[in-house]
Amino acid sequence: MSWSFPVGRLLGSELRVHATFFLLLGWIGLSAYSSGGTAAALDSLSFVVLLFACVVAHEYGHALMARRFGIRTPDITLLPIGGLARLDRMPERPAQEIAVALAGPAVNVVIWAVLIALGANTSADALSDPTATGNLAGRIAAVNLALALFNMIPAFPMDGGRVLRAALALGTDRVRATRIAARAGQVFALLLAVW
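Counted under the stated rule, the structure contains three aromatic pairs. Taking the centre distance of 5.8 Å and the plane angle of 75 degrees together, the rings of Phe21 and Phe22 count as edge-to-face. We classify Phe21 as buried; its relative accessible area is 7%. Judged by its relative accessible area of 43%, Phe22 falls in the partly exposed class.

As structure tokens, this is what we get:
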């Protein structure tokens, strides 16, 4: 992917960061600093870095599950809007595609569960002010649960859309299943835009 550069290798895949990710960090840091000073900037940047570490973990969930089916993941790229695990090829069987698609959100659910077990506070009062400093574990736990749920919306090309396509491919050909899942994605995008 152009405008991205490698930062290392992990678990057999090259980890890349898109240059615009640093623009996002700079903007968040400056915005938080202007409204709350150094403490707010550090807290906001810590939150974003931890959030994107969870996004990387989500993408490695996909990559490691794909590897179980003999599919390589040459690289994972971190973008301002999330992450992208580039698979060498699509899983051959619908059940494999479902497993690969579910692995990413499953990682987010595990992170959420571990943080909750460790005492993270995700109460509405604790999370009501997203600009407030503190409660980093609670905010990371909440955002991981939100990521898992959001990714499972049955709108292609999101993980839920991939599950939908694979489920449809059990009863029809892959091209038709992709068309139906893509239409569902367009409907969800339209509904989101209207909302």
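Quick look at a nonpolar patch on the surface now. Taken together, Phe5, Val7 and Phe22 make up a surface patch of nonpolar side chains, about 270 Å² in accessible area. Looking at where Phe5 falls in the secondary structure, it is placed in strand β1 (residues 4-10).

A few words on the side chain of Ser13. Tracing the sequence through the fold places Ser13 in strand β2 (residues 13-18). We classify Ser13 as buried; its relative accessible area is 0%. Setting aside residues no more than four positions away along its own chain, Ser13 makes contact with Gly8, Tyr60, Arg67, Thr73, Pro74, Asp75 and Ile76.

Residue position: Pro154 is located in the loop between α4 (136-151) and α5 (159-169). Separated by 10 residues in the primary sequence, Pro154 and Leu164 place their C-alpha atoms 6.0 Å from one another. When sequence neighbours within four positions are dropped, the list of residues in contact with Pro154 reads Gly160, Gly161, Leu164, Ala184 and Phe188.

Negative phi values dominate among residues other than glycine, just as trans dominates among peptide bonds. Here Phe156 and Pro157 are connected by a cis peptide whose omega angle stands at 15 degrees. Tracing the sequence through the fold places Pro157 in the loop between α4 and α5. Look at Leu11: it is not a glycine, yet its phi comes out positive at around 50 degrees. You can see Leu11 is positioned in the loop between β1 and β2.

It is worth spelling out the packing of helix α2 (residues 94-117) against α4 at this point. Contact geometry for α2 and α4: axes closest at 8 Å, N-to-C directions at 155 degrees. It follows that α2 is roughly antiparallel to α4 by the angle criterion. Both α2 and α4 take part in a crossing whose hand is left-handed. The residues of α4 that touch α2, namely those facing Pro105, Asn108, Val109, Ile111, Trp112, Leu115 and Ile116, are Ala137, Ile140, Ala141, Asn144, Leu145, Leu147, Ala148 and Asn151. Tallied by class, residues from the contact of α2 with α4 come to 12 nonpolar, three polar and no charged.

Counting residues in hydrophobic clusters, the biggest one holds 24 residues, and the most contacted among them are Phe21, Phe47, Val48, Phe52, Ile76, Leu78 and Leu115. When contributions to this core are tallied by element, the ones reaching two or more residues are β2, α1 (20-68), β3 (75-79), α2 and α4. For this core, the element with the most residues is α1, which contributes 13 residues. Residues contacting Phe21, with those up to four places away along its chain left out, are Phe52, Leu78, Leu79 and Pro80.

Here is what the cut-offs are and how they apply
Residues numbered from 1 in each chain as written. Predicted model: local features only at pLDDT ≥ 70, side-chain atom pairs only at ≥ 80, totals over all residues. Heavy atoms only, no water. Phe/Tyr/Trp six-rings, centres within 6.5 Å; stacked < 30°, edge-to-face > 60°. Buried < 20%, exposed > 50% of the residue type's maximum accessible area, 1.4 Å probe, protein only. Patch = residues over 30% accessible without salt bridge, like charges linked within 9 Å, V, L, I, M, F, W, Y side chains within 5 Å. Areas by Shrake-Rupley, 256 points an atom, 1.4 Å probe, with all protein chains shown as cover. Salt bridge = Lys/Arg side-chain N within 4 Å of Asp/Glu carboxyl O. Helix = DSSP H or I, 4+ residues; strand = E, 2+ residues; numbered from the N terminus. Contact = heavy atoms within 4.5 Å. Axes fitted to C-alpha atoms, helices over the stretch in contact; angles between N-to-C directions. Parallel < 35°, antiparallel > 145°, perpendicular 65-115°, else oblique. Left-handed = near helix turned anticlockwise from the far one by under 90°. Nonpolar A, V, L, I, M, F, W, Y, C, P; charged D, E, K, R; others polar. Core = buried A, V, L, I, M, F, W, Y, C linked by side-chain atoms within 4.5 Å.

Geometric descriptors of this kind do not, in isolation, establish any biological role.
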